[in-house]
Amino acid sequence: MIDISSDYGDITTHFHPVQENSHKMIFQRLLVRSTQQNILSICGIHTGSCYFAGHSKWANIRHTKAAKDGQKSLLFARFARQIRLAIQEGKSANPAVNSLLKHTIDAAVKKQVPMATIQTSIKKASSQGATYKRYVLEVKAVASKVYVMLVLYTDNVALAKANLQTVMKKTGSSYAELKHLFTETGIIVAVAQDTPAERLLEDATDHAILVGAEEVDVLDEKERLVHFTCSPAELLRIRKELEELKYEVESAEHVYIPHNYVQLNEAEKVAYQHFRTRLNNTVDCIDEIFDNIEENEDQEISG
C-alpha cells in the first residue's frame, strides 16, 4: 500500500485563511454582494463591471452536502465513495499518477478527514471489485413544491432506488422530470497566489480564456479569491490547468442551480426537514443534494 501521509504531513498546516470556514462561507461570498461586481462572461454575455438588483443568479445556491459539519460519519462515508470512484476512474491508487485521486485527497484533508481514514479508504477501494457509478435522481417533495436533485455514487442503484421509494412513500414525495429546471455547471473557487490585487481581474480573465472557462468573477480582491464557471465535463482539466497557473483551488464542484426559487412557511420547513432526515437515514449513498429553496443566510436545512 502506498503511504501518502508524508505528502500531507500535519493536516492543520494545509489551511489557507479562507479555508478555515466551510464552503457555506465561500458560497455566501458568491451570494450576498451588494457592492459593484467585476464579472466577465467569456461567452460574451457580460463584459466589464455590472450591478445586480438584490442578488445575482448565485444568490441562493442550495449546494448542500450529504455530509454536514458535526456529521463526521456522513462526511467520511462521502469521501470514501469519492476515493473509490477516483481510483476506479483513474485506474490507480497512487495519487502521484492519479490526479483525480490527488484532488479528492486534497479535498478530504481540507475537510479535516484524518489521514488514517483516507489511507483506509484507499486500501479498501483498491480491493473492491464492484464498479461505482454516478446517478442523479429527481424528486418532488413537500406537496410538489420543493424540487430536489439527488447525486448518488453507488454500485447498487436498484437498492438505492428501493430505499428512496420507501422515503417517498412515507413523506408524500415522488419522482419527476426536473433537470430542465436547473442549470448544470462546474464551479471552481481559487486563490490567485502570485497576482497583485490591482491586476487580479485582468489576469484572471486571461487565464479563464486560456483554460477554457466560461465565466470569471473576482470574489474578494484582498484575499485574491476568484470564481470560475465551466462545463462540468471540463472541471477536472480546468482545475488542473489553473493549479499549473499557480492558483490554489479551494473547491471544484459539479452543481445544479435552480432557475427559480420557492419560499417555505414554517410547516413546510418542518416537512422538508422530515424528508431530509429520512433520506439521510435510509439512502446511504447520497453524495450531494441540490434544491430550489430560497433561504436567508442564517437559515440552513440540516441533514
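This text goes with the structure placed above it.
Residues numbered from 1 in each chain as written. Predicted model: local features only at pLDDT ≥ 70, side-chain atom pairs only at ≥ 80, totals over all residues. Heavy atoms only, no water.

Undergrad: Where do I start with the nonpolar core in this structure?
TA: Looking at soluble globular proteins, one finds that nonpolar side chains tend to be buried together. V148, L150, L152, L164, Y272, F275 and L279 are the most contacted members of the largest nonpolar core, which totals 22 residues. At the level of elements, β4 (133-141), β5 (146-154), α6 (157-171), α9 (266-282) and β11 (286-291) are the ones that each hand at least two residues to this core. Discounting residues that sit within four places of it in the chain, V148 has contacts with L137, E138, V139, L178, Y272, F275, I289, F290 and D291. I188, A213, V226 and L242 belong to the second-largest nonpolar core, a separate cluster that totals 18 residues. (Core = buried A, V, L, I, M, F, W, Y, C linked by side-chain atoms within 4.5 Å. Buried < 20%, exposed > 50% of the residue type's maximum accessible area, 1.4 Å probe, protein only. Helix = DSSP H or I, 4+ residues; strand = E, 2+ residues; numbered from the N terminus. Contact = heavy atoms within 4.5 Å.)

Undergrad: Would you take a moment to explain unusual backbone geometry for this structure?
TA: The bulk of non-glycine residues show a negative phi, and the bulk of peptide bonds are trans. Despite not being glycine, K91 shows a phi value in the positive range, around 55°. Among the secondary structure elements, K91 is positioned in the loop between α3 (72-90) and α4 (99-110). Assessed through its relative accessible area of 73%, K91 is described here as exposed.

Undergrad: Which parts of the structure should I look at to understand the packing of α4 against helix α5 (residues 115-127)?
TA: Helix-helix packing: each pair is described by the crossing angle between the helix axes and the interaxial distance. Interaxial distance between α4 and α5 falls to 10 Å at its minimum, and their mutual angle equals 150°. The orientation of α4 with respect to α5, classified from their angle, is roughly antiparallel. Considering how the two elements wind past one another, α4 and α5 form a crossing that is right-handed. The residues of α5 that touch α4, namely those facing I105, A108 and V109, are M115, I118 and I122. (Axes fitted to C-alpha atoms, helices over the stretch in contact; angles between N-to-C directions. Parallel < 35°, antiparallel > 145°, perpendicular 65-115°, else oblique. Left-handed = near helix turned anticlockwise from the far one by under 90°.)

Function cannot be read off these values alone, since they describe shape.
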